[in-house]
Amino acid sequence: MHSPLRNFLPRNNFSELLTALSDGGYRCLAPKVCDGAIVYKELPSQDTLSTGISIHQAPGSYRVEITDSARNFGWSNGPQGLKPLVFKSRETLWSVRRDTNGQMTFTESAAEPDPVAIIGVRSCDLAALALQDKHFLNNHNRDSHYQTRRASLFLVAVNCTHPSDTCFCASTGDGPTAQDGFDLLLDELDDGFVIRAGTEAGEKILETLPVDPVAPEQAEAISRQNQRARECQTRRLPSRNLEQALFENLEHPRWRTVAQRCLSCANCTSVCPTCFCYSEQDTGTLDFTRSEHVREWDSCFTQGHSYIHGLTIRADTKLRYRQWLTHKLGSWHSQYGRSGCVGCGRCISWCPVGIDITEEVTAIVSAET
Amino acid sequence: MNTSAHCPAEAQIIAREQDSRTIVSLTVRLTDPAYANEFEFQPGQFNMLYLYGVGEIPISISSDPASSDTLTHTIRAVGRVSHGLARLEVGDRIGLRGPFGRGWPLQDARAKSVIVITGGLGCAPVVPVIDYVINRRSEYGRLIIMQGVKHSDDLIWRERYEAWGKHPDTQVLLAADMGGKQWNGVVGPVTELFDQAHLPTENSVAFLCGPEPMIRACVKRLTEEGLAPDRIWISMERNMQCALGQCGHCQYGDKFICKDGPVFSYAGIRHLFGVKGF
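Sequence order as written defines the numbering, with residues in each chain counted from 1. All chains are assigned letters beginning with A, and all ligands numbers beginning with 1, in the order in which they are written. In keeping with the model being predicted, local features are shown solely for residues with a pLDDT of at least 70 and side-chain atom pairs are shown and tallied solely at 80 or more, while totals for entire chains, interfaces and linings include all residues.

**Focus on the overall build of chain B**
The following threshold applies: For the purposes of this entry, the term helix denotes a DSSP run of H or I that reaches at least four residues, the term strand denotes a run of E that reaches at least two, and both are numbered from the N terminus. Neighbour density around each residue's C-beta defines its exposure: 20 or more other C-beta atoms within 10 Å make it buried, 12 or fewer make it exposed, and counts between make it partly exposed, where C-beta atoms are placed from the backbone. Contact between two residues is assigned whenever their backbone-derived C-beta positions fall within 7 Å.
The helix and strand tally for chain B stands at nine helices and 15 strands. Based on the C-alpha atoms only, the size of chain B along its principal axes is roughly 50 × 45 × 35 Å. Among the 278 residues that make up chain B, the fraction classed as buried is 52%. Nonlocal contacts in chain B, meaning residues at least 24 apart in sequence, comprise 68% of its contacts between residues at least 6 apart.

**Things to note about the domain arrangement of chain A**
Residue and element names in this part refer to chain A. The line we're drawing: Segmentation of the chain into domains, including their bounds, is taken from an automatic or database domain assignment.
What the domain assignment lists for chain A is domain 1 (7-231) and domain 2 (243-365). Placing a centre on the C-alpha atoms of domain 1 and another on those of domain 2 gives a separation of 25 Å. Taken together, the contacts link 39 residues of domain 1 with 31 residues of domain 2. Those elements giving two or more residues to the side of domain 1 that touches domain 2 turn out to be β5 (61-66), β6 (90-98), α3 (123-136) and α5 (169-172). Per element, the largest residue contribution to the side of domain 1 that touches domain 2 is nine residues, and it comes from β6.

**Concerning the sheet that holds strand β14 (residues 290-297) of chain A**
Residues and elements named next belong to chain A. Defined as follows: When DSSP finds two or more bridges between two strands, those strands count as paired. Working convention: axes come from line fits to C-alpha atoms, limited for helices to the stretch in contact. Angles between N-to-C directions cover 0 to 180 degrees.
With antiparallel pairing, four strands are arranged side by side in an open sheet as β7-β6-β14-β13. In this open sheet, the two strands that pair with only one neighbour each are β7 (104-108) and β13 (278-284). Looking at each pair of strands side by side, their axes are set apart by 20° on average, direction ignored. Taken together, the seven bridges between β6 and β14 define a ladder with antiparallel strand orientation.

**Some points on the sheet that holds strand β12 (residues 212-213) of chain A**
All names here are of chain A. Pairing within the open sheet is mixed, and its eight strands lie in the order β3-β2-β8-β9-β10-β11-β1-β12. Lying at the two open borders of the sheet, with one neighbouring strand each, are β3 (37-42) and β12. Where strand β8 (residues 116-121) meets strand β9 (residues 153-158), five bridges bridge the pair, whose relative direction is parallel. Counterpart to V121 in the pairing with β9 is A157.

**Focus: the pairing of β13(A)**
All names here are of chain A. In terms of strand pairing, β13 meets β14 through seven bridges, oriented antiparallel. Residue S279 lies in a different strand from β14, and its bridge partner there is E296. Between β13 and β14, which pair antiparallel one after the other, the connecting turn spans five residues, and F288 there sits at a positive phi close to 65°.

**Re the nonpolar core**
Cut-off, in case you're wondering: Each nonpolar core consists of buried Ala, Val, Leu, Ile, Met, Phe, Trp, Tyr and Cys residues. Their C-beta atoms, within 7 Å, join them into a set.
In terms of nonpolar packing, the biggest core is built from 177 residues, with A157(A), V116(B), A206(B), F207(B) and L208(B) touching the most fellow members. Other than its neighbours up to four places away in sequence, V116(B) contacts V126(B), V129(B), I130(B), I144(B), I145(B), M146(B) and F207(B).

**Side note on the interface of chain A and chain B**
We count it as follows: Residues are grouped as follows: Ala, Val, Leu, Ile, Met, Phe, Trp, Tyr, Cys and Pro are nonpolar; Asp, Glu, Lys and Arg are charged; all remaining types, including Gly, are polar.
The interface is formed by 41 residues belonging to chain A together with 37 residues belonging to chain B. Mapped onto the side of chain A that touches chain B, the elements with two or more residues apiece are β6, β7, α3, β13, β15 (307-308) and α11 (317-336) of chain A. Looking at which element gives the most residues to the side of chain A that touches chain B, the answer is α11(A), with seven residues. Its residues placed into classes, the side of chain A that touches chain B shows 16 nonpolar, 18 polar and seven charged.

**Some remarks on the domain arrangement of chain B**
Residues and elements named next belong to chain B. Considered domain by domain, chain B is made up of domain 1 (9-100) and domain 2 (106-269). On a C-alpha basis, the centres of domain 1 and domain 2 stand 22 Å from each other. Contacts between domain 1 and domain 2 engage 18 residues on the former and 18 residues on the latter. If you list the elements that add at least two residues to the side of domain 1 that touches domain 2, you get β3 (46-51), β4 (55-60), β5 (71-76) and β6 (93-100).

Set out below in C-alpha cells:
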C-alpha cells in the first residue's frame, strides 16, 4: 500500500504528527542521544525531537556530534534497532509455586504492552524486524510474548540520508530507502517531510495531518538524497547468497586469523538486529516457595552456548566466529529464505577490536587464500 | 490443563528404577488427567523435564508409545538438573513439556530389516523402536540390536537384551571397551560386532544413537557394507533450552535439532556430520 509522493508536512507542523499519534493512543518513542549514542526514548508530550545529531561510525568506533542542522534524522543508527522492543533482553516466561506437599502450580507470564509509536525507524531495522517475525512467528511456533509486543508497534520510518562509513544496506538490498513494513514513511528535507502511509493505520493518522502538496523540486531533492545515500556506501558483501561459498570454506585459514583478534565478547550479537539466541534460567526465591523462569539474550560467542553434558562443541573462538558467520550469512538462506544480515553495520562499529564482517567474509569466500 | 509451548505441566513420579550407579529411569504421569489422556508421542521424540527451581533438560521418552498415560525417561546424572532429577523419589513432582521433535521413521522401515546400533545411554531413545518392531515382529525383516558401552558395568537392562534376543530373527550383540567379570560379550568398540552380525544391507534400515565418535565409526562401516546414506538414521543431541526452534542453541547448519530432528537421515546431515564446531 504505497501512496505516491503527494503529501508534504512542513517542519513547523511536525508536532501535529506527534499529537495525532498521542491522540491515537500511542506512546511515542523518539531518537535521543543518551550516554553518547542514539537510543529510542519516550518523548514526553509537548516535547520536540532532537535536532542536528550527526553520527560518525568506523570499525570499533561510534561518535556523536551535535551540529546546527535543523534536521531531526541526519544520522545513521544507534546501537539497538527494534529488537529490544519486541524480543526483550530479559523477560519472565513463566513462574511456578510449590506448596508444602510439593505440588506445583505453573503460571505463564503475558506481556501487556501499550501501543507504542517508534519515530525514525531505519530501513535496515524494518528488514531485521521482518526477519525476526519469520523466526518468532512461524508455522512451527508462534511466540506469544513476541507476538503481543509486535502487534503493539506503530512504525514511523525515515529514509536514511546519512549512512555511516560502516553501513552496507545497499549491498544487502535492505536500504537506505524503506520498501515496506512501515505504517508511515518520511523523507526528510530541510524545511519538512514528505510523508507516505504503508498501512491503513498509517493512512488514518496521515488523514488528520495539515499537509501541503509536494513540489516537483522537493521530489527531485528526495530522489537525489536517496541516491547519494546509496552511492556513499563503500562497504559491501560479496554476494547476497553466500551459503555454499561459506560451507565450502570451513577450513579457510582466515578463520584462525580473525579468531586471533576476536575477543568472543558477544557485542556483535548483542547489537545485531536479527540475532535471536536466548538462554533460559530459573531464579528461586530465598524461601524456595516460588521460582521464576526467565529468558535472556544469549550469544553463540559464549562458552555455555554449545555446552552439552560435559562437552563444549565450540570451545574456542575460531569455531564460535565461524558458527556466527556461517549461520548469519549462510544457513539463514535455507532456514528463512534470505541472509540474516541487513547491512546495518552495527557489528563493525560496536566490535571493540573493529572486526569488519564485510572484510572477513570477502577474504573467506574469495578464490585466493 | 496447560498447553503453552514454553510453560511446563506438572507430572508426578510413579516409578523409579536405579538402572546403574549413575542412571535412573523415572516413570511419570501428568497430574492433569485430561492432559495425560491426550498426550501422544512417537518413538524418538523427547520431553523437556523441569526440576523445581533449577531448570529444564531434554530427555527422550524410553517407554512404549502405546501406553502414553505414563512416560518413562532414562536419565544419567551429569549436570545440575540431571543430578537433581536422579535423586527424586516416587511421589515427587516435576514439570514436563512435550513431546518435541521428529522421531524414528518406523513407517519407512516396515517390511525391511532393522539394524539398531547404540552406545552408552543411546539405547534409551531406541527402546520404543525395538518394542515396536518386536510387537509387530512379522511386519519387519531381521532385527539386529548392537549395543556398546565403555565398561561392562555400564550396561543397563541386561534382562531386556536377553528377552529381545529370544524373539525369532532377532540378534542381540553386546560390546564393552572394558569387560569386567562374567562379561561374555565382545571386548572392544561396537564396530567389532559388525563381523558377527552379517548385516543385511539389501532392504534394511539402520537406527543409530550414541556418542558421535562411535556413530561416525558405525556410519563408515555401514556405508562400506553398502547401506545407502538415506537408509541410515541418527538421533542427534545439542544444547537445547526452548525445544521450539527458537533459542538457537541446537542450531546445526541449516537445521534446528529440536524441531527438524532429533532424528535425521544421514543423507540430510552428512555435509556437517563430524565437522568440528557444529
